[in-house]
Amino acid sequence: MKVTEKKLDDGRILLEAVASTAEVSHALTMAQYGFAQQMGMQIMPGMSVAQAAEQQLGIKDLDAIVQQQAVEYLVPFAIDKRNIMPAYPAEPKVEAPLKRGQTFSFELRVAPKPDYELTSYEPVSITVPPFEIEQAEVEAQIAQIAESYAEFVADEPHPVADGDGFMLALEASQNGEKMENLSTEGRTYLTGMGLMPEDFEKHLIGMNVGETKSFSFALPGAAEGETGDAVDCTVTIKEMQKKVIPEINDEWVAKNLPMYRDAAALRGGINDRLTADRRAQYEAYKLQVAAAELAKRFQGRIADEVYEAMQKTLLANMRGQLQQQGIPFEQFVQSQGGEQQFGMLMMMQTREMLVQGYALDALFRHEKLTLTDEDIDAACRSMNPQNPEATRREMEENGRGFALREAAERMKANQWLLDHANVTVEAPQAPEAPEAPEASQPEPAAE
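Looking up the protein in an unreviewed UniProt entry gives the name Trigger factor, with the organism given as Eggerthella sinensis. Among the UniProt annotations of the protein, the heading Catalytic activity (unreviewed entry) holds the following wording: "[protein]-peptidylproline (omega=180) = [protein]-peptidylproline (omega=0)". Annotation of the protein in UniProt includes, under Sequence similarities (unreviewed entry), the sentence "Belongs to the FKBP-type PPIase family. Tig subfamily."

What follows is the structure in structure tokens.
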């Protein structure tokens, strides 16, 4: 991509970009894949996205549909080409649509990120709690391991009650056809766990060992009175059972977890793993506290466009996370106190993130820090610990190298800030002593 730049009187930079035919084709193809993913399309082997769109959605010219996405795909490459860090996303100006086999020209008016200053660059002073690992956390994980190895053994016969465990035999059929995945000659079942519909479990309550009962139950989602999809079944209670949780001792460890020498070694391994995890969280917490303290020295005015762009990004990320968790956005807003309260929280969070970032930028410049390849890798590890190489490759191949460099610079400045900070660690709090009982008053002497 060929990109020229020109400084404008309003402080922005005019970028004039020309994408090659290969870049245009790639942008359209990437936009097509994004469209297919958004629409949940199935791309069969040997079939292009455009062919799948025509076959499944009746779209004859997919390139025309994804024009805007393709242009937006090209925008970061122009910015990265000139190594500019924008204050907020720039809107492209185009004269003609993208077409495969043709070059494509567009303009960007980019507002570069301002260079702010701080009132002081002296080391910050912060106070943090001591680093501790509670033994109760280790024991909680031991308890989880024991729970996962729990077994069900025969118990004294008694009528089935809510919360009981028992062995049952089950023959199930639907419309006269046996349901192999549901039928069993012997399976442990727990009532009250939601393993089967309530309409099924209500027939089991009160049954005794050796008793057999035939009944029908409705599948979840069936309308009241519907019987067409009902399941016919015959259930026999074979034995009552109780859960036995093993004791995690040396003998149990040798049998089930031979990679550990004994129970003490298992506890030590859990403690080491917890310590490593908590240490990483603790160091991240100290970095955040130091950055928040540095942000108090920020001076300057942040443009409204920057606020709006950052808030838009935060909201988009939040909506995505809520969607993954199955939580409606409106429900989440109400849980935060309603639209007005949520709006105030978002405004405060937006300002905090912007000011901390700009403060770290100022520190990076003031201390004349430089970025290395290792710093870039470290930033990628923070974004994707499992596969940092893929994150770096994806960001650089998508023209987001400038955003990666900004993240790496801020991380390096934040670490430098903490390394030179005056850190005070609070003294561990002693456990509260039980209150002494009040001394009883002597009875008055009888006259």
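Further notes follow.
It is worth spelling out the sheet that holds strand β2 (residues 13–19) at this point. One open sheet accounts for four strands, arranged β1-β2-β4-β3; its pairing is antiparallel. Unpaired on one side and paired on the other, β1 (2–7) and β3 (92–94) mark the two borders of the sheet. Across the sheet, the axes of successive neighbouring strands diverge by a mean angle of 25 degrees, strand direction being ignored. Across three bridges, the pairing between β3 and strand β4 (residues 104–110) is antiparallel. By the bridge assignment for β4, Val94 is matched with Phe106. Across the sheet, helix α4 (residues 67–81) lies against β1, β2, β3 and β4, angled at about 65 degrees from β4, the strand it touches most.

What follows deals with the nonpolar core. By size, the foremost hydrophobic cluster in this structure holds 42 residues, and its most contacted members are Phe106 and Leu108. Secondary structure elements with two or more residues in this core: β2, α1 (21–39), α2 (49–57), α4, β4, α12 (373–383) and α14 (401–419). With seven residues, the top contributor of residues to this core is α4. The residues that make up this core include at least three from each of domain 1 (2–110) and domain 3 (256–425). Contacts of Phe106, omitting those with residues within four sequence positions, involve Met1, Leu15, Glu16, Ala17, Leu74, Val75, Ala78, Pro92, Lys93 and Val94.

Residues given the UniProt feature "domain: Trigger factor ribosome-binding bacterial" (unreviewed entry) here are residues 1–145. Across residues 1–145 one finds 40% helix and 20% strand; the C-alpha atoms that close the span lie 57 Å apart.

Turning next to the layout of surface pockets. Here the second largest pocket defines a volume of roughly 330 Å³. In terms of lining, the second largest pocket is formed by 13 residues, of which the most central are Asn83, Met85, Lys113, Asp115 and Glu409. Taken together, the elements giving at least two residues each to the lining of the second largest pocket come down to α11 (339–366) and α14. Considering every element that reaches the lining of the second largest pocket, the biggest residue donor is α14, with four residues. Tallied by class, the residues present in the lining of the second largest pocket amount to five nonpolar, one polar and seven charged. Each of domain 1 (2–110) and domain 3 (256–425) gives at least three residues to the lining of the second largest pocket.

Definitions and limits used
- Residues numbered from 1 in each chain as written.
- Predicted model: local features only at pLDDT ≥ 70, side-chain atom pairs only at ≥ 80, totals over all residues.
- Heavy atoms only, no water.
- UniProt positions renumbered as here; feature names shortened; annotations may be inferred.
- Pairing = 2+ DSSP bridges.
- Helix = DSSP H or I, 4+ residues; strand = E, 2+ residues; numbered from the N terminus.
- Axes fitted to C-alpha atoms, helices over the stretch in contact; angles between N-to-C directions.
- Contact = heavy atoms within 4.5 Å.
- Core = buried A, V, L, I, M, F, W, Y, C linked by side-chain atoms within 4.5 Å.
- Buried < 20%, exposed > 50% of the residue type's maximum accessible area, 1.4 Å probe, protein only.
- Domains from an automatic or database assignment.
- 1 Å grid on protein atoms, 1.4 Å probe; cavity = no way out; pocket = protein on both sides within 12 Å on 5 of 7 lines; lining within 4 Å.
- Points joined across faces, edges and corners; volume = space filled by probe spheres on them.
- Nonpolar A, V, L, I, M, F, W, Y, C, P; charged D, E, K, R; others polar.

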